[in-house]
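Now for the letters of each chain:
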Amino acid sequence: MGEAKTTDTDAAPDTDGADHKQAVKAPGDPAVWRVLLPVPLAGPLDYAGPPDLQIGAVVEVPLGSRRVVGAVWGPAEPGDAAVPAARLKAIERVFEVPALPDTTRRFVDWMAGYTLAPPGQVLQMALSCPAALVAEEPEAVVALAADLPAEPAPPFKWTAPRRRVVEQARELPAMPAAELARQVGCGVPVIRGLIEAGVLATHWRPRAAVPPRYRPGHAPADLSADQAAAASRLCDTVAAGGYSVTLIDGVTGSGKTEVYFEAIATALAGGRQVLVLLPEIALTAQWLERFEARFGAAPTQWHSRLTPLARRRAWRAAAEGTAKVVVGARSALMLPYPDLGLIVVDEEHEPAFKQEDGVHYHARDMAVTRAFLGEIPAVLCSATPSLETLVNVERGRYGQVVLPRRFGGAVLPEVAAIDLRADPPERGNFLSPPLLAEAAATLARGEQVLLFLNRRGYAPLTLCRSCGHRLRCPNCEAWLVDHRLGRRLVCHHCGYTRSVPPACPECGAVDSLTPIGPGVERIAEEVAAVLPEARTLLLTSDHLRGTADLADKMRRIRDGEVDVVIGTQLIAKGHHFPGLTLVGVVDADLGLAGGDPRAAERTYQLLSQVAGRAGRADRPGRVRLQTYDPDQPVLAALLSGDRDAFLEVEAAERAARHLPPFGRLAAIVVSAPTAAAADDAAQALARAAPRAPGLEILGPADPPLAVLQRRHRRRLLAKARREVRLQPILKDWLGRVRLPGSVRVTVDIDPYSFM
Ligand code: ADP
Ligand code: ZN
């Protein structure tokens with residue numbers, strides 16, 4: 001990259017229009033522009049370009065031997081451009097897409113500063129759809145020729161289909177030949193013959209996807225008094241504009257979605273864009289149908305399962321401002337909205353909002369930042385809000401509206417524990433006699449049962465009964481999970497799979513490998529044996545063929561074509577099953593162990609969500625939690641239904657230990673090809689560890705997964721009081737230590753994964 005030079009974003013000037021004009025020289029002279037590129041550098045590089053470029057313009061530039069796409073980040077400061085424009089490499093192409101808005105650019109810089117990711121890597125998330133940068137090819141359409149020949153020249157002959165086409169084409173708009181053939185009900189050659197004879201004419205037109213038209217007043221719900229009060233507060237904040245955050249704190253089934261739909265209606269009536277973030281798993285056909293029923297058109301979707309064409313159109317529509325409502329998973333936050341007026345984060349407590357690779361960010365937290373930078377309202381929504389959010393409510397930073405009751409008089413389910421020490425399942429089984437008895441009674445009443453276990457596969461561990469050997473992944477320090485569906489053993493961390501060996505690979509004993517513990521597939525097997533009459537459905541990501549399949553399975557449950565559903569967390573979110581009245585949690589203790597300070601909170605959230613599936617309509621629901629420790633605080637809270645008391649204790653404990661949200665954490669994970677290299681690197685970092693009041697550096701330690709994808713890992717944890725700004729300290733620390741090229745260091749500010 002020779003002449004180009006980097007600048008540090010910390011020293012970045014304001015990239016507003018005033019600066020821009022100052023830097024512009026005589027018209028026509030090339031100017032020096034700072035261009036941010038999707039490479040791991042500390043900041044933008046200088047390039048020569050036309051003086052009238054817009055800041056934020058998306059451009060292509062040479063970088064070494066490559067061409068890369070980046071964005072103009074600002075003009076070079078006068079005096080800063082040590083290299084004159086004439087000697088710099090030039091911007092080679094300016095894409096015809098809207099320049100990245102000021103808010104988007106500030107958001108990228110802010111996020112890079114917060115996550116310690118290179119700003120170019122954050123920018124790449126905003127420019128995540130290169131195909132969208134060029135306009136779609138125009139399409140050929142045919143219509144009756146304007147100067148229709150009176151009688152086409154021979155050898156042309158009129159046939160019945162040809163006459164039919166001409167007759168109908170008079171009434172139809174121009175359309176692609178194949179489409180016309182389909183509408184008329186003839187073959188494409190018939191159309192081609194008419195084109196050759198000059199009866200039909202072809203022309204090209206741009207492929208314009210017609211933006212959906214939402215009607216804010218299309219079909220509003222008839223809100224209950226609670227709902228109406230909540231909605232009117234939200235609508236007021238949206239109408240007032242400006243930055244605010246409001247939590248909708250409402251029990252499952254209270255109508256939170258209906259309430260935030262009203263806020264969306266207000267934003268739409270003001271003509272602005274709206275973003276709804278949902279955890280990918282909750283972005284279901286059911287949600288989309290509800291939205292469309294309410295607003296008269298479907299929202300623009302943004303998630304990992306889009307087709308390339310849908311993706312490209314969605315990016316462009318969001319960037320051009322024609323996509324008025326975008327609903328998506330966390331990455332939708334990064335689209336360059338020119339006129340965002342509201343962000344809704346549904347299921348705000350969901351850990352799935354935390355991105356764990358590339359740029360480590362939490363989409364809920366970043367949504368709040370985006371709202372702040374864009375000076376717009378954000379709405380967070382949950383039945384089990386995160387402690388982070390509740391603390392912000394308590395401190396008066398966030399507003400709160402509460403929906404304490406289920407809509408339409410449905411009562412919350414009755415929750416009870418089944419103590420497995422007193423009522424153990426039969427040997428080799430996992431469902432206790434009291435749970436089975438209740439399940440049988442529920443089925444006898446013609447109602448449905450959900451058995452929840454958040455563990456995919458048949459068994460989490462396979463053990464040799466002769467020598468005690470455990471089958472592990474060769475790439476990771478993890479057990480292989482037995483998946484009976486595909487008759488494979490699978491590593492859930494790297495995807496490694498193998499067939500089940502006929503003999504123990506360690507001692508050679510034949511027929512001695514035994515599955516240990518349950519996964520959902522094993523529960524399904526048990527249900528088939530003990531409730532043979534029941535129609536069962538196993539619902540996990542392994543047993544799904546795409547979204548249509550999921551929608552179909554959800555419909556079958558809703559329509560009562562299924563008696564017993566056995567599922568992982570896939571089933572826990574936001575679905576409505578009117579006939580479901582019993583929820584059995586197979587292992588309520590799962591997820592409580594481990595070093596994650598949020599383990600208790602998360603378990604509480606997940607189990608509350610699952611419990612919320614029971615008894616949503618006219619029949620009351622029951623929830624049974626199988627446990628070895630019914631006195632455990634999380635279970636006690638679920639049993640008493642006293643969420644706030646639980647959270648108070650949880651908050652007090654975390655505050656005492658200065659854990660988030662009362663203190664700051666950052667994980668520094670070192671990985672290397674060998675254990676020795678990982679140790680050396682971790683020790684080198686530990687020796688250089690910063691010292692500051694209120695800051696502790698813990699480790700290095702072996703994480704639970706000390707080997708992952710063939711790389712050896714060591715973990716350091718920076719733990720600080722709230723008032724300490726961790727980022728500059730970490731940046732300085734990591735900048736001071738030189739490590740070999742084979743060592744990778746990742747920083748995770750406010751980690752959610754402690755693997
Ligand atoms: P939550 O998001 O709080 O779990 P939902 O918004 O999904 O609750 O509402 C629960 C159910 O009650 C849905 O089927 C929804 O359509 C229905 N519902 C909620 N409020 C109303 C209302 N005001 N009028 C009609 N149906 C409503
Ligand atoms: Zn693995």
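Because the structure is predicted, anything quoted here is derived from the model rather than measured.

Peer 1: Whenever I open this one, the domain arrangement of the protein chain confuses me. Can you help?
Peer 2: Taken domain by domain, the protein chain comprises domain 1 (18-127), domain 2 (139-205), domain 3 (225-408), domain 4 (410-455 + 518-652) and domain 5 (663-749). Look at where the C-alpha atoms of domain 1 and domain 3 centre, and you get two points 31 Å apart. Taken residue by residue, the interface counts 19 residues in domain 1 and 19 residues in domain 3. Regarding the contact of domain 1 and domain 3, the summed buried area is about 1,700 Å², with carbon and sulfur atoms giving 76% of it. Scanning the region where domain 1 abuts domain 3 turns up zero salt bridges. Elements with a contribution of two residues or more to the side of domain 1 that touches domain 3: helix H2 (102-115) and helix H3 (119-126). Per element, the largest residue contribution to the side of domain 1 that touches domain 3 is eight residues, and it comes from H2. When the residues that make up the side of domain 1 that touches domain 3 are grouped by side-chain class, the tally is 13 nonpolar, four polar and two charged.

Peer 1: What exactly am I supposed to notice about the sheet that holds strand E20 (residues 497-499) here?
Peer 2: Two modes of strand pairing occur in sheets, parallel and antiparallel, and in both the strands are linked by backbone hydrogen bonds. Strand order in the open sheet formed by three strands is E18-E19-E20, and the pairing between neighbours is antiparallel. With partners counted over all chains shown, the strands left at the sheet margins are strand E18 (481-483) and E20, one partner each. Averaged over all pairs of adjacent strands, the angle between strand axes in this sheet comes to 30 degrees, irrespective of strand direction. Here E18 runs beside strand E19 (residues 488-490); their pairing, made up of three bridges, is antiparallel. Across the sheet, residue Val481 finds its bridge partner in E19, namely Val490.

Peer 1: Can you help me understand the state of the cysteines in this one?
Peer 2: By definition, a disulfide links the sulfur atoms of two cysteines through a covalent bond. Here the structure, examined in full by the defined rule, presents zero disulfides. The thiol sulfur of Cys464 is not disulfide-bonded, and the nearest other cysteine sulfur, from Cys504, lies at 3.6 Å.

Peer 1: Sorry if this is basic, but what is going on with the coordination of the zinc ion (ligand 2) here?
Peer 2: In an ideal octahedron of six donors the angles at the metal are 90 or 180 degrees, and in an ideal tetrahedron of four donors they are 109.5 degrees. The protein atoms donating to the zinc ion (ligand 2) are Cys473 (SG), Cys476 (SG), Cys491 (SG) and Cys494 (SG), with metal-donor distances spanning 2.3 to 2.5 Å. Because the angles between the four donor atoms bound to the zinc ion (ligand 2) fall within 106 to 114 degrees, the donor set is best described as tetrahedral. Each donor residue of the zinc ion (ligand 2) lies on one chain, and together they are spaced C-x2-C-x14-C-x2-C. With a relative accessible area of 1%, Cys491 lands in the buried category. Given the relative accessible area of 26%, Cys494 is considered partly exposed.

Peer 1: Looking at this structure, how should I read the environment of Pro212?
Peer 2: Among the secondary structure elements, Pro212 is positioned in the loop between strand E7 (200-205) and helix H7 (225-240). Residues Pro212 and Val368, 156 residues apart in the sequence, show an inter-C-alpha distance of 27 Å. Those residues in contact with Pro212 that lie beyond four places of it in its chain are Ala297 and Ala298.

Peer 1: For this particular structure, what's the right way to read the site of ligand 1?
Peer 2: Around ligand 1, the structure places 16 residues, and the nearest of them are Asp222, Gln227, Gly253, Lys256 and Arg290. In this structure, Asp222 approaches ligand 1 through a main-chain N or O atom, which is 2.8 Å from a nitrogen atom. Within the complex, 76% of the 550 Å² of free accessible area of ligand 1 lies under protein. Element by element, the count of residues in the shell around ligand 1 is highest for helix H8 (residues 256-269), at three residues. When grouped by side-chain class, the residues that make up the shell around ligand 1 number four nonpolar, seven polar and five charged.

Peer 1: Sorry if this is basic, but what is going on with the sheet that holds strand E16 (residues 448-452) here?
Peer 2: Strand order in the open sheet formed by six strands is E15-E25-E24-E16-E23-E22, and the pairing between neighbours is parallel. Across the chains shown, the open sheet's two edge strands, defined by having one partner strand only, are strand E15 (414-419) and strand E22 (536-539). On average, each strand axis in the sheet is inclined to that of its neighbour by 20 degrees, with strand direction left out of account. Pairing between strand E24 (residues 580-585) and strand E25 (residues 622-627): four bridges, direction parallel. Along E25, the bridge assignment pairs Gly584 with Arg624. Sitting on the sheet, helix H14 (residues 520-530) touches E16, E22 and strand E23 (564-567), and the angle it makes with E23 is about 160 degrees.

How each quantity is defined
- Residues numbered from 1 in each chain as written.
- Chains lettered and ligands numbered in written order.
- Predicted model: local features only at pLDDT ≥ 70, side-chain atom pairs only at ≥ 80, totals over all residues.
- Heavy atoms only, no water.
- Domains from an automatic or database assignment.
- Contact = heavy atoms within 4.5 Å.
- Buried area = accessible area lost by both parts, 1.4 Å probe.
- Salt bridge = Lys/Arg side-chain N within 4 Å of Asp/Glu carboxyl O.
- Helix = DSSP H or I, 4+ residues; strand = E, 2+ residues; numbered from the N terminus.
- Nonpolar A, V, L, I, M, F, W, Y, C, P; charged D, E, K, R; others polar.
- Pairing = 2+ DSSP bridges.
- Axes fitted to C-alpha atoms, helices over the stretch in contact; angles between N-to-C directions.
- Disulfide = S-S within 2.5 Å.
- Donors = N, O, S within 2.8 Å, 3.2 Å for Na, K, Ca; no water.
- Tetrahedral: all angles 85-135°; square planar, octahedral: opposite > 155°, others 65-115°.
- Buried < 20%, exposed > 50% of the residue type's maximum accessible area, 1.4 Å probe, protein only.
- Near = heavy atom within 4 Å.
- Polar contact = N/O pair within 3.5 Å; in protein donor to acceptor, adjacent residues only side chain to side chain.
- Areas by Shrake-Rupley, 256 points an atom, 1.4 Å probe, with all protein chains shown as cover.

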